[in-house]
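Below are the chains, spelled out letter by letter.
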Amino acid sequence: MQRSIQDLLKVWMVRSNHKPLLVRGARQVGKTFSVRDFGQRFFKNLVVFDLERQRKVHTIFAGDLDPSILLPQMEAQAEQRIVPGETLLFLDEIQACPRALMSLRYFYEQMPNLHVIGAGSLLEFAMKDISFPVGQVEFVWMYPMTLSEFLLARGKGILAEQRPGLDAMGPLPEATHQSLLDELRLYLVVGGMPEAVKVFLDTHSPVETARVHRTLAEAYQEDFAKYAGNVDKDCLARVFEQMPTRVGERVKYTHLYPEKRIETIKAALRVLEQALMIRRVMSTSAQGVPLSAGTSDKVFKYVFVDVGLMRHMCGLSADSV
C-alpha cells in the first residue's frame, strides 16, 4: 500500500542536518511496514531491532550509550554492518526500552551521518519517565490511511487525482462526484487501519473486516491495561467504549460514566489521548488568527482514531452506511 509518509521520509533522508527520527502513532496504523519498506527501497542495507519482541537487545543499552560502544554490539546481534550513509538503523517499538530512546541524542551528537529511525505507539507513557532528548530528535506523525490512500490501495489512482481540494472552484462532474461518494461510503465502512483495508481488498466482505475491527478494539484495551498505571481500569474501558458514540459532541464528563468521579474520568481520557486513540478539539471564540487566542479549556470535543473502527464500535452495520 502506498502511504504518504514515504514522501516525508525521503525528505528527511536527503537533508544534510537530519536528526534521529521518531515515527509516532497509534498501534496498527502501518508504522513498521512503512519504515521497513522505506529502508529496503532507499538504503543499501536495513538493520531492524524490535525492542518489544527482542528483549535481550535491551542489555545493549543498559550500559554506556556512546554510539561507538553500542554499534559493535548491534552489529554482532544483527550480524550486519551498520555504515553511516548506507544503513538505516530502525529501532521498532522503541517505547519498550526507555534507554534506547535516551540513546538517540548521542547518535545525533556523535554520529550525525547515521540514519536512525525509532517507531512506537505508546511513546508518551515511556517519555514521561526518562530524560528525553528535546531538540535532538525529529518527529513525524502517522495516522490511519486517508481517503486518498484508500483510493490508491483500491487501484483508483486517477479518481484520487480528481478528488477536489479546498481551493476547488465550481462543482464536480456528476459522474465523478457519484464515484467519489461510492468510495467514501466504502471508506466509512472499512476505515483506514491497514489490516482492515487489506482484508477488505482480499475478501470484499464487511463481515471479515468487522472481525479485524473487533480484534483491534480488544488489543487496544489490553494495551491500556498494561500501560495505564493506577488509572481506574473499569472507567478506562467504559470511556473507551463510549468515545466513538460521542464524537462531535461537546464533552460532558458525567455523560461518559455518571457513577464515577470527574477526576477519575479525566484520568481515563488522558490515557486515551496519550495512546493517540482520541484527539481533543478545542472551541475558540477568536474572530481571526491565531485561533488559539480564543480557546476555552472547558469547551471541547474529541475525534476518534479511525472512522471504520468508530463505526464498528458504535454498532452501525455496513448496510446502514
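Scroll up for the structure.
These lines cover the structure that appears in this document, whether it is placed above or below. (Residues numbered from 1 in each chain as written. Predicted model: local features only at pLDDT ≥ 70, side-chain atom pairs only at ≥ 80, totals over all residues. Heavy atoms only, no water.)

## Comments concerning a nonpolar patch on the surface
Point 1. Among the surface-exposed residues, Phe139, Trp141 and Tyr143 lie close enough to one another that they form a single nonpolar patch of about 300 Å² accessible area.
Point 2. Locating tryptophan 141 in the fold gives a position in strand S5 (residues 138–141). (Patch = residues over 30% accessible without salt bridge, like charges linked within 9 Å, V, L, I, M, F, W, Y side chains within 5 Å. Areas by Shrake-Rupley, 256 points an atom, 1.4 Å probe, with all protein chains shown as cover. Salt bridge = Lys/Arg side-chain N within 4 Å of Asp/Glu carboxyl O. Helix = DSSP H or I, 4+ residues; strand = E, 2+ residues; numbered from the N terminus.)

## Quick word on the packing of aromatic side chains
Each aromatic ring pair is specified by the distance between its two centres and by the angle formed by the two planes.
Point 1. Taken as a whole and assessed by the stated rule, the structure comprises six aromatic pairs.
Point 2. For the pair phenylalanine 38 and phenylalanine 42, a centre-to-centre distance of 5.4 Å together with 40° between the ring planes defines the contact as tilted. One end of the pair, phenylalanine 38, and the other, phenylalanine 42, are both in helix H2 (residues 31–42), four residues apart, so they sit about a helical turn from each other.
Point 3. The exposure class of phenylalanine 38 is buried, given its relative accessible area of 0%.
Point 4. The exposure class assigned to phenylalanine 42 is partly exposed, which follows from its relative accessible area of 31%.
Point 5. An aromatic cluster of three or more residues is present, and its members are Phe38, Phe42 and Phe43.
Point 6. A cation over an aromatic ring shows up here: lysine 260 above the ring of tyrosine 257, its NZ or CZ 5.6 Å from the ring centre.
Point 7. A cation sits over an aromatic face here: arginine 280 above phenylalanine 300, 4.1 Å from the ring centre. (Phe/Tyr/Trp six-rings, centres within 6.5 Å; stacked < 30°, edge-to-face > 60°. Buried < 20%, exposed > 50% of the residue type's maximum accessible area, 1.4 Å probe, protein only. Lys NZ or Arg CZ within 6 Å of the ring centre and 35° of its normal.)

## Remarks on the packing of helix H11 (residues 233–246) against helix H13 (residues 262–274)
Point 1. Look at H11 against H13: their axes get within 9 Å of each other, and the N-to-C directions meet at 65°. Classed by the angle they form, the pair H11 and H13 counts as roughly perpendicular. Crossing hand, H11 versus H13: right-handed. Side by side, H11 and H13 meet where Cys235, Leu236, Val239, Phe240 and Met243 of the first sit next to Thr264, Ile265, Ala268, Leu269, Val271 and Leu272 of the second.
Point 2. Among the residues making up the contact of H11 with H13, the classes are represented as ten nonpolar, one polar and no charged. (Axes fitted to C-alpha atoms, helices over the stretch in contact; angles between N-to-C directions. Parallel < 35°, antiparallel > 145°, perpendicular 65-115°, else oblique. Left-handed = near helix turned anticlockwise from the far one by under 90°. Contact = heavy atoms within 4.5 Å. Nonpolar A, V, L, I, M, F, W, Y, C, P; charged D, E, K, R; others polar.)

## Looking at the pattern of salt bridges
A side chain of one charge can pair with a side chain of the opposite charge if their charged atoms are brought near each other.
Point 1. Per the counting criterion, the structure on display carries 21 salt bridges.
Point 2. Here aspartate 223 ties to arginine 27 by a salt bridge, and the two come within 2.4 Å at their closest N and O atoms. Taken together, the positions of aspartate 223 in helix H10 (residues 206–227) and arginine 27 in the loop between strand S1 (21–24) and H2 put the pair 196 residues apart, joining distant regions of the chain.
Point 3. The exposure class assigned to arginine 27 is buried, which follows from its relative accessible area of 14%.
Point 4. When the shortest N-O distance is used, the salt bridge between glutamate 86 and lysine 44 registers 3.9 Å. Remark: lysine 44 occurs in the loop between H2 and strand S2 (45–50) and glutamate 86 occurs in the loop between helix H3 (67–78) and strand S3 (87–92); sequence separation between them is 42 residues.
Point 5. For glutamate 86, a relative accessible area of 32% gives the class partly exposed.
Point 6. Using a relative accessible area of 68% as the deciding quantity, one classes lysine 44 as exposed.
Point 7. Bridged by salt links that share partners, the residues Arg27, Glu52, Glu93 and Asp223 form one connected network.

Keep in mind these numbers describe shape, not what the thing actually does.
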